Each structure stands twice: as C-alpha cells, then as structure tokens.
Amino acid sequence: NNLYQKYFLKSNIITLIIIFFFSFFINYYYSSFGVFPIDTFFHYDSASRILQGEFPIRDFWIVSGLVIDLIQSLFFKFIGVNWFAYIFHSSISNFLISLIIYHYFQSIKINKINSLLFTCCFSTLAYTVSGTPFVDHHAIFFLLASINLPTPVEERSLAIPLIPKQSALFGVMEISIAFCELLLK
C-alpha cells in the first residue's frame, strides 16, 4: 500500500511537471510571434497605469472589465512592467486552465495517458491563440473553472446547483466581460 502511494504521488508529480512545461512554454514561445496592436497590448497600458496610481473608468477609459487589468497590474508589480511579465501572465493562465482540464478528464475516468494527451491538445489551443492576456479567454477560463473545479463528477447532473465557489467564479467571469457596460448605462 505504501509503495503504491509513493508511485501514485511520483506519477502525479511527473504529470504535473509535464503539464506545466508544455502548457506554459508553448504559450510563452508562440506569444512573441507577431503582434496585433489593438488586441495584443489591450491590457498592457491599463495595467501599467494602475501601477501609477490611476484607476480605470475614473482616470482612463477601458473597453472591457477590470479583472484582467487588475491581475496584470499584480504581475507588473512583482515582475516589472515588461513583455516578459505580460506573457508570463498568459502562460501561467494557460497552465492553470490546463490543470483544471486535466482534473476534469481524470474526474470522468479517462485514463492518465489520454488525459495528458487531451490536456496538451487543449493547452495548445487555449491561450496560445492570442498569446497575451485577453478578456474572452479569461472569461471562458473562469467559466470552465466554475463548472469543473468545485463539484466531484458524482454530484454532477444536468441541473448543477450553484455553490458559493461557483457563484464567485461566475461573478468574476461576468465582471471581466461587462463591467464597463454596467457603468455606462
């Protein structure tokens, strides 16, 4: 029994390391290939202005919710206002959502190898498409996390009851998309 637990723990750590390296570095690598100024730097300026003491909506205009700008300002605060900190944010987000997806595959009893393969496929498409922090990606990731993380598969049904963790993640998702729209009405 003890040998099995050691093997299981070692196997999970190796899987975690593979998911981290693949999902983090595939996004990190491809995020520096070309930029689209309107979308690529969407949250860069807002996050750096937050660090200068300005606040979105009151001091400057933002087109989407506050969540990504606030999260990015934390990355800038601890790492510095630079491109590395910007794509580090999206790469970490890619890893976290990949970890949640792997957990989901495991919870529906897909074997480890297939779960890992599907997770790597997911992480290739998840954040790598934009490469940098993007409002739609964060909103979808908060939605996926709210649905998959809090409840074990045995408790799932077509009518999933909203528990506090899910409600909070749904709220963050909604705020990340439409906060400005509420303020402008």
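The residue count restarts for each chain, going from 1 along the sequence in the order it is written. Local features in this predicted model are restricted to residues whose pLDDT is 70 or higher, and side-chain atom pairs enter the listing and the counts only when it is 80 or higher, whereas totals over whole chains, interfaces and linings include all residues. Values reported for side chains reflect all heavy atoms of the structure, with hydrogen atoms and water molecules removed beforehand.

## Focus on helix H5 (residues 83-107)
What counts as a helix is a DSSP run of H or I of at least four residues, what counts as a strand is a run of E of at least two, and both are numbered from the N terminus. To estimate the expected span of a helix, subtract one from its residue number and multiply by 1.5 Å. Compared with an ideal rise of 1.5 Å per residue, which puts 25 residues at 36 Å, H5 spans 36 Å between its outermost C-alpha atoms and is within 8% of the ideal. Within 3.5 Å is the distance limit for a polar contact, defined as a pair of N or O atoms, with the added protein rule that one can donate a hydrogen and the other accept it, and that residues adjacent in sequence qualify only through two side-chain atoms. The backbone nitrogen of Phe84 lies 3.2 Å from a side-chain oxygen of the residue at the head of H5, namely Asn82. Lys109 sits one or two positions beyond H5 and adopts a positive phi of about 70 degrees.

## Concerning the packing of H5 against helix H6 (residues 112-126)
Following both chains from N to C, one finds H5 and H6 inclined at 145 degrees, their axes separated by 9 Å at the closest point. Crossing of H5 against H6: the hand is right-handed. Touching Asn94, Ile97, Ser98, Ile101, Tyr102, Phe105 and Gln106 of H5 are Lys112, Ser115, Leu116, Phe118, Thr119, Phe122, Ser123 and Ala126, all from H6. Residues were grouped as follows: Ala, Val, Leu, Ile, Met, Phe, Trp, Tyr, Cys and Pro as nonpolar; Asp, Glu, Lys and Arg as charged; and all remaining residues, including Gly, as polar. Along the lines of polarity and charge, the residues of the contact of H5 with H6 split into 8 nonpolar, 6 polar and 1 charged. The convention used is that axes are lines fitted to C-alpha atoms, helices contributing only their stretch in contact, and that angles between N-to-C directions extend from 0 to 180 degrees. Take the far helix as the reference: if the near one is turned anticlockwise from it by less than a right angle, the crossing is left-handed, and if turned clockwise, right-handed. Contacts between residues were defined by any pair of non-hydrogen atoms, one from each residue, lying within 4.5 Å.

## Let's talk about the confidence of the model for the chain
Note on scores: pLDDT gives the predictor's confidence for each residue, bounded by 0 and 100. In this model, the chain carries an average pLDDT of 79, and 72% of its residues clear a pLDDT of 70 or more. Counted against residues more than four places away or in other chains, residues 156-160, with its pLDDT under 50, gives 8 contacts.

## Some remarks on the side chain of Thr128
Residue placement: Thr128 occurs in the loop between H6 and helix H7 (135-148). A distance of 3.2 Å separates the side chain of Thr128 from the backbone oxygen of Thr124, its partner in a polar contact. For Thr128, the residues in contact, after removing those within four places along its chain, are Ile26, Asn27, Tyr30, Asn94 and Ser123.

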